[in-house]
Amino acid sequence: MRIALVNMISPFIRGGAEILVDDLMHQLQLRGHTVELYRLPSPNDFGLLMARLIEASKMLRFDHYDRVICFKFPAYCVIHRNRVVWMFHQFRQAYELWNTEFGIEANPQNEIMRNIVMHADTALVDSRQLFTIAHEVTNRLKKFNNIDSTVLPHLGNMEKFGPGKTGSYLFFPSRISSIKRQHLAVEAMHYVKSDVKLVVAGVCEVSAYDLQIRSFIKKHHLEEHVQYENRWISDEEMYQWMSNCLGSMYLAYKEDSCGLVSMEAFYSAKPVITCIDSGGTIELIEDQKTGFICEPTPQSIAKAMDQLYMDKQAAAKMGQAARDEIIRRDITWDNTIRRLLA
Amino acid sequence: MKILIAGALAPYSNRQEKALCEAVEQHYRSQQHTTDLFYLPWEPDFYGAHEQILAYRLLTVYNECDILITVGYPAFALQHPRKYAFLFDFFPAFHTQYGTDYGFKDQFFRVDQDQKMVKNLHQAEKVCLGEARKVFVASSTLQENLQSLACQAERFSFTPTLAKGEPSQVEKGSILVESYLEPLDRIDLLLQAAALMKDKHPIAIMIPASDPQYQNALYERIARLQLQKRVSVYERAVTLTDLQDCSGALSLRRFSEYVPAYVSYALAMGIHCVVPKDGGALCSLDGQSENIFGVSAEEQSIAKSLQRLPLYSTKRKASADSLNADLPKLLEGLVK
């Protein structure tokens, strides 16, 4: 089958979604399909540029492909007789993030754009299949657009992740941004009572947020306890840090999926600390059994961090339960691809 | 420096564009620049061309990078104040071959209306190319063709690396041709010539990718001319192993705006190549090498030339590095 994968690109930024699409491409090729990956550049602007992008996505042509699989807004607006949407997320700023600190301010001009975005999403009903990566996304789609969808959980390339030693640090790998809330983890370090350490690693594109975190570390003399790596970390570093940590952290606000980081932690037999408002991650993590689901406050998170550090045996046991859980779920590429190409 | 590379991929025929995008990305990354690469689709449909070019115009990258490098038609329609465009060809079906059997020619060929569309298309191309700081083209043929759009292009040279390949299944001593089976490749003409040949040279037609309809037509044609024993079709690209074992290479592409990689490699390896006198960039090779046989585009002449190809000609090793030696210097010049 000739398959086009259509995703968005925020130039020079690579996150979980990009990794997942690359893995899907690889898996499709292994199964003998001819696959091409197209990516539409996203503007850092909610306004005219976004409207232009929506229109452009409708005008691009994929006639020679038997199947087009799309993932994000507005890449999934492309028109094709056999378009399958595996939705990572909508343009959340126009939905549940609207008029919040992570979204867009409500004003008459933005209202117009919001309507354009919501109208573009109505075309989702014309898809051959409409999947989402988590209940969080499916529920949002139903709530805001009254469109039904089916959850098709994702999985990354997990082969290299496995259990290692139980270390003394918590590992928070992710693109560093306010919506991922690394600041909560760093602020929690001010309240911990144990000697637990924190490693935050990833690229921060917003210098103000980077400065906020650095300033907090400096102000509270946390340099000895917080390793802050604002840079792209290699796969090898990722495996090493993850397999030898005490536990992992993923505190993103209303994350659409359970997060690649959470899955990598589970495969590495590590418990995960998350928050009650972290969206898809709480579909994966069971509080006190495979991790901790905390209030989104530094104090609450600090308590969970201390608990893991002070009873490492229990932490290791939770990690094993996490690994058992992800294996029990039996999320396989064979199953995923069969459903995408049905 | 932040460098973004954008490639346009047409169905079935984009190997060299992809290879160049990857080579450019690799080069700048090795020079510690921040680079990223993305592809956009391009459907070579005459009536849909304007809309697709407009889609490229509407996409926004100008806030995202310091330099935009576009590869292929119509990636140059993307907007950026520091844009460099690389082209292997300029969709001859809409330009030099428009209205001929080899280019766009609608069944109901609505001359007046289509002429207006061509004019508008050329105007759009002119605007988009005019924005580029520099336009680089793969041949002097394309350089000349672009002059009609008032575009002063510079030459660049790039040959995609050929895969080494498994031990070849192609019969030793075969004459090799690689094609996406576009009408311009004139594979029909090759088959007619093959039918006339007295010596029974085997011919291997290599198809990296193609429209299934064209492929079916090819198989039917081979059967009709009863050439099944002499003409073999392989659905893959030419490899270095194939070239090591062949007796010659051939391309009958009409008014070609680039030299296919397998022809460049064949010549570098000292293999004899047959090219048509109306072959554009291919034709410009004639006279540059004693291994080139320039032929008229008619079956008798082609058959005669193919028979002259010596079996197992002397070969020497080719390296992609030597073929692309000028590219790094050119790319360095763009970031200064």
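Residues numbered from 1 in each chain as written. Chains lettered and ligands numbered in written order. Predicted model: local features only at pLDDT ≥ 70, side-chain atom pairs only at ≥ 80, totals over all residues. Heavy atoms only, no water.

1. Remarks on the packing of helix α2 (residues 48-59) of chain A against helix α2 (residues 49-58) of chain B
Operational definition: Lines fitted to C-alpha atoms define the axes here, with helix axes fitted over just the stretch in contact, and angles between the N-to-C directions of these axes take values from 0 to 180 degrees. We count a stretch as a helix when DSSP gives it H or I for four or more residues in a row; a strand needs E for two or more, and each element gets its number in order from the N terminus. If an angle is under 35 degrees, it is roughly parallel; if it is over 145, roughly antiparallel; if it lies from 65 to 115, roughly perpendicular; otherwise it is oblique. By definition, turning the near helix anticlockwise from the far helix through less than a right angle yields a left-handed crossing, and turning it clockwise yields a right-handed one. Here, two residues are considered to be in contact whenever any of their heavy atoms come within 4.5 Å of each other. Put simply, Ala, Val, Leu, Ile, Met, Phe, Trp, Tyr, Cys and Pro go in the nonpolar bin, Asp, Glu, Lys and Arg in the charged bin, and everything else, Gly too, in the polar bin.
Look at α2 of chain A against α2 of chain B: their axes get within 8 Å of each other, and the N-to-C directions meet at 150 degrees. The pairing of α2 of chain A with α2 of chain B is recorded here as roughly antiparallel in orientation. Both α2 of chain A and α2 of chain B take part in a crossing whose hand is left-handed. Across from R52, E55, A56 and M59 of chain A in α2 of chain A, the residues of α2 of chain B making contact are E51, Q52, L54, A55, R57 and L58 of chain B. Taken together, the residues of the contact of α2 of chain A with α2 of chain B sort by class into 5 nonpolar, 1 polar and 4 charged.

2. Concerning the interface of chain A and chain B
Note the threshold: We define buried area as the total accessible area lost by two parts upon association, computed with a 1.4 Å probe and summed across both. Salt bridges are identified by distance alone: a Lys or Arg side-chain nitrogen within 4 Å of an Asp or Glu carboxyl oxygen.
Counting residues at the interface gives 27 residues for chain A and 35 residues for chain B. Buried surface at the junction of chain A and chain B, summed over both partners, amounts to about 2,600 Å²; 60% is from carbon and sulfur atoms. Linking chain A with chain B are 3 salt bridges. K18 of chain B is the partner of E36 of chain A in a salt bridge, and the nearest nitrogen-oxygen pair spans 2.4 Å. Looking at the side of chain A that touches chain B, the elements that each hand over two or more residues are β1 (2-9), β2 (34-41) and α2 of chain A. Split into classes, the residues belonging to the side of chain A that touches chain B amount to 15 nonpolar, 4 polar and 8 charged.

3. A look at the sheet that holds β1 of chain A
Residue and element names in this part refer to chain A. To be explicit about the condition: Being paired, for any two strands, means DSSP has found at least two bridges between them.
Taken together, the 6 strands give an open sheet; going across it, the order is β2-β1-β3-β4-β5-β6, and neighbouring strands pair in parallel fashion. If you trace the sheet from one side to the other, it starts and ends with β2 and β6 (150-151), each paired once. The sheet contacts of helix α1 (residues 16-30) involve β1, β2, β3 (67-72) and β4 (83-89), and relative to β1 the element is tilted by about 170 degrees.

4. Looking at the domain arrangement of chain A
Residues and elements named next belong to chain A. Note the following rule: Domain segmentation is taken from an automatic or database assignment of domains. Pairs of N or O atoms within 3.5 Å make up the polar contacts considered here, provided that, within protein, one atom can donate a hydrogen while the other can accept it, and that residues adjacent in sequence are counted only when both atoms are side-chain atoms.
Parsing chain A into structural domains produces domain 1 (2-152) and domain 2 (169-328). Measuring from the centre of the C-alpha atoms in domain 1 to the corresponding centre in domain 2 gives 28 Å. Of the residues lining the interface, 16 residues belong to domain 1; the matching set on domain 2 comes to 14 residues. Applying the counting rule to domain 1 against domain 2 returns 0 salt bridges. On the surface where domain 1 and domain 2 come into contact, there are 4 residue pairs in polar contact (both at pLDDT 80 or more). The element contributing the most residues to the side of domain 1 that touches domain 2 is helix α4 (residues 135-145), with 4 residues.

5. Thoughts on the side chain of E17 of chain B
Stated formally: Accessibility here uses a 1.4 Å probe with only protein chains present; expressed as a share of the type maximum, an area under 20% marks a residue as buried, one over 50% as exposed, and anything in between as partly exposed. Only four residue types enter the charge count, namely Lys and Arg as positive and Asp and Glu as negative; His and the chain termini do not.
Note that E17 of chain B resides in helix α1 (residues 15-30). Buried and unpaired, E17 of chain B has no salt bridge, with R15 of chain B as the nearest side chain of opposite charge at 8.8 Å.

6. Here's the deal with the pattern of salt bridges
Counted according to the given criterion, the structure contains 29 salt bridges over all chains. The residue E237 of chain A makes a salt bridge to R231 of chain A at a minimum N-O spacing of 2.6 Å. Taking relative accessible area as the criterion, R231 of chain A reaches 30% and is therefore assigned partly exposed. In this structure, the salt-bridge partner of D188 of chain B is R221 of chain B, at a minimum N-O distance of 3.2 Å. One end of the pair, D188 of chain B, is in helix α5 (residues 187-196); the other, R221 of chain B, is in helix α6 (residues 212-224), with 33 residues separating them in the sequence. One network of salt bridges, with partners in common, ties together R61 and D63 of chain A together with D45 of chain B.

7. Description of α2 of chain B
The element α2 of chain B is largely enclosed, with a buried count of 7 among its 10 residues. A49, Q52, I53, A55, Y56, R57 and L58 of chain B are the residues of α2 of chain B that are buried.

8. Some words on the domain arrangement of chain B
Residue and element names in this part refer to chain B. With domains assigned, chain B is organised as domain 1 (2-159 + 324-334) and domain 2 (175-308). Summarising the inter-unit geometry, the C-alpha centres of domain 1 and domain 2 are found 27 Å apart. At the interface, 20 residues of domain 1 touch 22 residues of domain 2. When the two sides are added together, the surface that domain 1 and domain 2 hide from each other amounts to roughly 1,700 Å², 55% of it contributed by carbon and sulfur. Considering only the side of domain 1, the residues that lose the most area to domain 2 are Y12, R15 and Y102, jointly responsible for 40% of the buried surface there. At the boundary of domain 1 with domain 2, the tally comes to 1 salt bridge. The set of elements that each furnish at least two residues to the side of domain 1 that touches domain 2 consists of α1 and α4 (140-147). The biggest single contributor to the side of domain 1 that touches domain 2 is α4, with 3 residues.

9. Here's the deal with unusual backbone geometry
Backbone torsion omega between F73 of chain A and P74 of chain A reads -5 degrees, so that peptide bond is classified as cis. Note that P74 of chain A resides in the loop between β3 and β4. For the peptide bond that leads from Y73 of chain B to P74 of chain B, omega is 0 degrees, which places it in the cis range. Note that P74 of chain B resides in the loop between β3 (67-71) and β4 (83-87).

10. Topic: the packing of aromatic side chains
As a reminder of what qualifies: Centres within 6.5 Å are what make two rings of Phe, Tyr or Trp a pair, Trp counting through its six-membered ring; a difference in plane orientation under 30 degrees is then read as stacked, over 60 as edge-to-face, and the rest as tilted. Any Lys NZ or Arg CZ found within 6 Å of a ring centre and within 35 degrees of that ring's normal is scored as a charge over the ring.
Enumeration according to the criterion identifies 24 aromatic pairs over all chains in this entry. Seen from their ring centres, W86 of chain A and F88 of chain A are 5.9 Å apart, and the 70 degrees between their planes marks the pair as edge-to-face. Under the relative-accessibility criterion, W86 of chain A is labelled buried at 0%. Residue F88 of chain A is classed as buried on the basis of its relative accessible area of 3%. Here Y73 of chain B and F76 of chain B contribute two aromatic rings whose centre-to-centre distance is 5.4 Å and whose plane-to-plane angle is 70 degrees, an arrangement assigned as edge-to-face. Each member of the aromatic cluster is reached from another via a ring pair, and the members are W42, Y73, F76, F90 and F91 of chain B. Its guanidinium or amino end placed over the ring of Y65 of chain A, R2 of chain A lies 5.1 Å from that ring's centre, counting from NZ or CZ.

11. Here's the deal with the sheet that holds strand β2 (residues 34-41) of chain B
All names here are of chain B. Strand order in the open sheet formed by 6 strands is β2-β1-β3-β4-β5-β6, with parallel pairing between adjacent strands. The strands lining the two open edges of the sheet, one partner per strand, are β2 and β6 (154-155). Most of the contacts of α4 go to strand β5 (residues 134-137), to which it runs at about 135 degrees, and overall it touches β4, β5 and β6.

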